[in-house]
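Coordinate inspection notes
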Amino acid sequence: QVQLVESGGGLVQAGGSLRLSCAASGRIFSINRMGWYRQAPGKQRELVASITNGGITNYADSVTGRFTISRENAKNTVYLQMNSLKSEDTAVYYCNARLSSWPENYWGQGTQVTVSS
């Protein structure tokens, strides 16, 4: 199994920044992709950004140019730097770990991000 612990959410004004962190433990050597998803009230969960073991990143169109995903292998941690936040970025953000034995994957508990306009 993989355990994921997220942190860094909170309340921020529009135009501000936040950095989310996701620390992984357990079968980390089986992880081949880490991702950040979000779910706003009444909406489906959507992929925000992902990063593979090889460092290949992918972003949703709505966050391209504003959000950056990165990883620090020594700490088994993935970050999501969010700049120029908008009210529509308000959601619960979830960290996801996809294993090489896909569809095996794991989710964090979620962290709330609220952007006030």
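Small disclaimer: the values here were computed from a predicted structure and weren't measured.

All right, on to the packing of aromatic side chains then. Counted according to the given criterion, the structure contains two aromatic pairs. On the basis of an interplanar angle of 65 degrees and a centroid distance of 4.9 Å, the ring pair of Tyr37 and Trp107 is categorised as edge-to-face. Of this pair, Tyr37 sits in strand β4 (residues 31-39) while Trp107 sits in strand β10 (residues 105-107), and the two are 70 residues apart along the sequence. Among the residues examined, Trp107 registers a relative accessible area of 37% and is labelled partly exposed. Look at Tyr94 and Trp107: their rings are 6.4 Å apart centre to centre, the planes differ by 90 degrees, and that puts the pair in the edge-to-face class. Placement of Tyr94 in strand β9 (residues 91-99) and of Trp107 in strand β10 is noted, with a sequence separation of 13 residues between them. Looking at Tyr94, the relative accessible area reads 15%, which means it is buried.

The rules we used
Residues numbered from 1 in each chain as written. Predicted model: local features only at pLDDT ≥ 70, side-chain atom pairs only at ≥ 80, totals over all residues. Heavy atoms only, no water. Phe/Tyr/Trp six-rings, centres within 6.5 Å; stacked < 30°, edge-to-face > 60°. Helix = DSSP H or I, 4+ residues; strand = E, 2+ residues; numbered from the N terminus. Buried < 20%, exposed > 50% of the residue type's maximum accessible area, 1.4 Å probe, protein only.

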